[in-house]
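Inside the fold
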Amino acid sequence: MHQILIRPLITEKMSDLTVAESKYGFLVNPKANKIEIKRAVEEKFSVHVIDVRTINHPGKTKTQFRKGGKFTGKTAKFKKAIIKLREGDTIDLFEEV
């Protein structure tokens with residue numbers, strides 16, 4: 001079984017969603033589906049997940065102009081999942097800090 005949850009998304013926008021609507025964001029494995037993501041969050045954090053929304057971000061093409069010429073590359077693609085928890089459930093992302 002592949003690792004499903006890679007890391008939590010800790011941004012200003014996700015912090016606002018966490019406080020207002022009890023939603024949390026995670027970077028997840030691009031091959032994982034919503035059912036696997038829900039099970040992984042419920043097992044790892046002992047919470048009840050109501051809704052899972054996923055977003056696939058394609059890689060971007062980047063070009064650099066240097067003295068030696070033009071270099072073209074591509075950034076990695078990734079998948080985000082936004083998890084909505086049952087009212088009263090929380091995930092302590094800053095527990096050790």
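Right, let's walk through the structure included here. These numbers were taken from a predicted model, which means no experiment stands behind them.

On to the pairing of strand 2 (residues 23-28), then. Along strand 2, six of the six residues are buried, which leaves the element largely enclosed by surrounding structure. Where burial is concerned, the two faces of strand 2 agree: the one with Lys23, Gly25 and Leu27 and the one with Tyr24, Phe26 and Val28 are both buried. Strand direction decides the pairing type here: strand 2 and strand 6 (residues 78-85), joined by six bridges, are antiparallel. Bridged to phenylalanine 26 within strand 6 is alanine 81.

Take the sheet that holds strand 1 (residues 5-8) next. Read across the sheet, four strands follow the order 1-2-6-3 without closing on themselves; strand pairing throughout is antiparallel. The open sheet has two edge strands with one neighbour each: strand 1 and strand 3 (49-57). Direction aside, neighbouring strands of the sheet carry axes that sit 30° apart on average. Here strand 1 pairs with strand 2 via three bridges, running antiparallel. Opposite arginine 7, over in strand 2, you have leucine 27 as the bridge partner.

Take helix 2 (residues 34-45) next. If you check helix 2, its first and last C-alpha atoms are 16 Å apart, about what 12 residues at 1.5 Å a residue would give, namely 16 Å. For helix 2, every residue scored as buried is listed here: Ile37, Ala40 and Val41. Looking straight down helix 2, one finds that the buried residues subtend no more than 95° of arc, so they occupy a single side. Exposed residues on helix 2 whose side chains face more than 90 degrees from its buried face are Ile35, Arg39 and Glu43.

What follows concerns the nonpolar core. Phe26, Ile37, Val41, Ile83, Leu85 and Ile91 are the most contacted members of the largest nonpolar core, which has 16 residues in total. Breaking this core down by element, the ones donating at least two residues are strand 2, helix 2, strand 3 and strand 6. Setting aside residues no more than four positions away along its own chain, isoleucine 37 makes contact with Ile4, Val28, Ala32, Val52, Thr54, Ala81 and Ile83.

A side chain of one charge can pair with a side chain of the opposite charge when the charged atoms of the two come close. In total, this model carries three salt bridges according to the counting rule given. Here lysine 23 and glutamate 21 are joined by a salt bridge, their closest N and O atoms 3.1 Å apart. Overall, lysine 23 belongs to the buried group, its relative accessible area being 17%. Classification of glutamate 21 as partly exposed rests on a relative accessible area of 37%.

Positioned with a positive phi, serine 22 is a non-glycine residue whose angle comes to about 60°. Even without being a glycine, serine 46 presents a positive backbone phi close to 55°. With respect to the helices and strands, the residue serine 46 is situated in the loop between helix 2 and strand 3. In this structure serine 46 comes out as exposed when scored by relative accessible area, which is 63%.

Basis of the calculations
Residues numbered from 1 in each chain as written. Predicted model: local features only at pLDDT ≥ 70, side-chain atom pairs only at ≥ 80, totals over all residues. Heavy atoms only, no water. Buried < 20%, exposed > 50% of the residue type's maximum accessible area, 1.4 Å probe, protein only. Helix = DSSP H or I, 4+ residues; strand = E, 2+ residues; numbered from the N terminus. Pairing = 2+ DSSP bridges. Axes fitted to C-alpha atoms, helices over the stretch in contact; angles between N-to-C directions. Expected span 1.5 Å × (residues − 1). Arc of directions from axis to C-beta. Core = buried A, V, L, I, M, F, W, Y, C linked by side-chain atoms within 4.5 Å. Contact = heavy atoms within 4.5 Å. Salt bridge = Lys/Arg side-chain N within 4 Å of Asp/Glu carboxyl O.

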